[in-house]
Amino acid sequence: MHEIGSRDQLLNHVRDFVALKVSERPELLAAFLVGSVARADPLWANITDFDVIFVDPDPPLDLEPCLLWNEFLLIDVQYFRPEDYENRPILKRDAMRGQSLYDAVPLHDSKNFFALLQAYVRGQFDTAENVIARSVDAFRRAQLHYDEISELRNIPVPIPVDPNDIKHLHDVIDWAATAVLMLAYKPRYGRRQVLCFGEVLSQMGQSNILELAEQSMGFSAISDDDIDDMRKQWLEIFRASGKFHKGHWDDDRCAHPLKEQYYMDGFEKLAAVGHARASLFLMEYTAAAAFNHVLTHAPVEAAAPYVRQYTRWMDMSGKGSAKHFSDCLVQLSELLRRVEYLIYEFAKDNGIVYELTRDR
């Protein structure tokens, strides 16, 4: 895949893509770019992807979520309806959409839909009340994912662990990390989420929370050599997902075949700068999503080798038995308690009352 150029060059390519889509669908109200390129973050690794949001009164059905534009530009496409943005006070306090809209770059805007929306979201965006609200929103999402798997602390979980349960485990970590990043006035990241989470925790003097996150995932005993081996396994499982998948990619779109190089470049970059462990979280989440596709779409005999491979992965990643998985959930509960206490402390320092939902 072609290496990325300057931000201006990339924006020009994305604008060409959007212009074509607008010519095909003149009813589009707005299109905007979100993510690292929109934020003007330093371009990182060899390639990046572009998250383009279209606002359409009648979104087309069954679209491919990922595509290559000009044969090298990876674009993630999402469609929303205008009514999805009607409740603007909630948007400003939304951990996912609030920050994205704040940083977004307009690519098409009829009737000033996007301009007015972004102007509203940016108003008082960084007041303590709104910062806490976004952090609490992220924390609430983390708790919801935890609730999906919390009962597995006390009942024998089938081995290998259901990939959907693994995804919930990772989503707890991802949203808990987002809650902390919100408190530091940082956005939610993609491939670098865990790396940035660790940097913020270090600045807060809370590096032990990152260690707790690794324990929650069962990653503590994994060596760099193990990670090299797991990266090779990841590639096989990920490619199998594309081989067997049928239909559209609405579910587990993160396992789309076009994302392979995007992920691999990120994993290898993290390893090259001495942060291979930070790649484990995204690597395992996407491996679980890909394996879920294999289970769903592959014939039983064809899926069998990947079941064995996934089972081996779970052994290596500290979740190879019911007890190991239960131990992860115990640590995960403690992680949530610690993250919520950071929210509590931030609120107290800013004269805002926040009632803890988990025991101190």
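Residues numbered from 1 in each chain as written. Predicted model: local features only at pLDDT ≥ 70, side-chain atom pairs only at ≥ 80, totals over all residues. Heavy atoms only, no water.

### Looking at the overall build of the protein chain
Stage number 1. Along its length, the protein chain carries 14 helices and 5 strands.
Stage number 2. Its C-alpha atoms give the protein chain a radius of gyration of 21 Å, near enough to 21 Å, the size a compact globule of 360 residues would have.
Stage number 3. The C-alpha extent of the protein chain, read off along each of the three principal axes, is 55 × 55 × 35 Å.
Stage number 4. The buried share among the 360 residues of the protein chain stands at 52%.
Stage number 5. If you take every contact in the protein chain between residues at least 6 apart in sequence, the share linking residues at least 24 apart comes to 74%.
Stage number 6. Roughly 16,200 Å² of accessible area belongs to the protein chain as shown, and the carbon and sulfur atoms make up 48% of that amount.
Stage number 7. The protein chain carries 39 positive and 55 negative side-chain charges, and their two centres are separated by 2 Å. (Helix = DSSP H or I, 4+ residues; strand = E, 2+ residues; numbered from the N terminus. Rg over C-alpha atoms; globule rule 2.2 N^0.38 Å. Buried < 20%, exposed > 50% of the residue type's maximum accessible area, 1.4 Å probe, protein only. Contact = heavy atoms within 4.5 Å. Areas by Shrake-Rupley, 256 points an atom, 1.4 Å probe, with all protein chains shown as cover. Lys, Arg positive; Asp, Glu negative; His and termini not counted. Charge placed at Lys NZ, Arg CZ, Asp CG, Glu CD.)

### A few points about the packing of helix α7 (residues 163-183) against helix α12 (residues 280-297)
Stage number 1. Contact pair α7 / α12: the axes reach a minimum separation of 9 Å and the direction vectors enclose 155°. Between α7 and α12, the angle falls in the class roughly antiparallel. Viewed along their axes, α7 and α12 form a crossing whose handedness is left-handed. Every residue of α12 that contacts α7 at Pro 163, Asn 164, Ile 166, Lys 167, His 170, Asp 171 and Ile 173 is listed here: Leu 280, Phe 281, Glu 284, Tyr 285, Ala 288, Ala 289, Phe 291, Asn 292 and Leu 295. (Axes fitted to C-alpha atoms, helices over the stretch in contact; angles between N-to-C directions. Parallel < 35°, antiparallel > 145°, perpendicular 65-115°, else oblique. Left-handed = near helix turned anticlockwise from the far one by under 90°.)

### Some details on the sheet that holds strand β3 (residues 66-69)
Stage number 1. With respect to topology, 5 strands assemble into an open sheet ordered β3-β4-β2-β1-β5, the strand pairing being mixed. Where the open sheet ends on each side, the last strands, each with one partner, are β3 and β5 (105-109). Averaged over all pairs of adjacent strands, the angle between their axes in this sheet comes to 30°, without regard to strand direction. (Pairing = 2+ DSSP bridges.)

### Considerations on the confidence of the model for the protein chain
Stage number 1. For the protein chain, mean pLDDT is 93; residues scoring 70 or higher make up 98% of the total.
Stage number 2. The secondary structure element of the protein chain with the lowest average pLDDT is β3, at 87, and the one with the highest is helix α6 (residues 128-149), at 98. (pLDDT = per-residue confidence, 0-100.)

### Some words on the nonpolar core
Stage number 1. Of all hydrophobic cores here, the largest spans 87 residues; its most connected members are Trp 234, Phe 325, Leu 332, Leu 335 and Val 339.
Stage number 2. Among the elements that line this core, the one with the most residues is α7, at 12 residues.
Stage number 3. Beyond its immediate stretch of four places on either side in the chain, Leu 332 contacts Tyr 146, Ile 149, Leu 169, Val 172, Ile 173 and Ser 216.
Stage number 4. Of all hydrophobic cores here, the second largest spans 21 residues; its members include Leu 10, Val 52, Phe 72 and Leu 73. (Core = buried A, V, L, I, M, F, W, Y, C linked by side-chain atoms within 4.5 Å.)

### What about the layout of surface pockets?
Stage number 1. Empty space within the second largest pocket amounts to approximately 270 Å³.
Stage number 2. Along the walls of the second largest pocket sit 13 residues, with Pro 60, Leu 63, Gln 78, Tyr 79 and Asp 250 positioned nearest its centre.
Stage number 3. Of the residues belonging to the lining of the second largest pocket, the class tally is 8 nonpolar, 1 polar and 4 charged. (1 Å grid on protein atoms, 1.4 Å probe; cavity = no way out; pocket = protein on both sides within 12 Å on 5 of 7 lines; lining within 4 Å. Points joined across faces, edges and corners; volume = space filled by probe spheres on them. Nonpolar A, V, L, I, M, F, W, Y, C, P; charged D, E, K, R; others polar.)

### Observations concerning the environment of Leu 63
Stage number 1. Inspection of the secondary structure assignment puts Leu 63 in the loop between β2 (49-55) and β3.
Stage number 2. Taking the relative accessible area as the measure of exposure, Leu 63 reaches 36% and is therefore partly exposed.
Stage number 3. Each C-alpha atom, one on Leu 63 and one on Gln 78, is 9.1 Å from the other, the two residues being 15 residues apart in sequence.

### Concerning the packing of aromatic side chains
Stage number 1. All told, the structure shown has 19 aromatic pairs when counted by the stated rule.
Stage number 2. A ring pair is formed by Phe 54 and Tyr 79, whose centres lie 5.1 Å apart and whose planes are at 25°; its orientation type is stacked. Of the two residues, Phe 54 sits in strand β2 while Tyr 79 sits in strand β4 (residues 73-80), which places them 25 residues apart along the sequence.
Stage number 3. On the basis of relative accessibility, which here comes to 0%, the residue Phe 54 falls in the buried class. (Phe/Tyr/Trp six-rings, centres within 6.5 Å; stacked < 30°, edge-to-face > 60°.)

### Examining the state of the cysteines
Stage number 1. One pass over the full model with this rule turns up 0 disulfides.
Stage number 2. Left unpaired, Cys 196 is separated from the closest cysteine sulfur, that of Cys 254, by 19 Å.
Stage number 3. Residue Cys 328 stays outside any disulfide, its sulfur separated by 20 Å from that of Cys 254, the closest cysteine. (Disulfide = S-S within 2.5 Å.)

### With respect to the pairing of β4
Stage number 1. The pairing of β2 with β4 spans 7 bridges and is classified as parallel. Counted as the bridge partner of Phe 50 is Ile 75 from β4.

### A word on the side chain of Thr 286
Stage number 1. Along the polypeptide, Thr 286 turns up in helix α12.
Stage number 2. You can call Thr 286 buried: its relative accessible area is 0%.
Stage number 3. Setting aside anything within four residues of it in sequence, one finds Thr 286 in contact with Trp 234, Phe 238, Cys 254, Tyr 263 and Phe 267.

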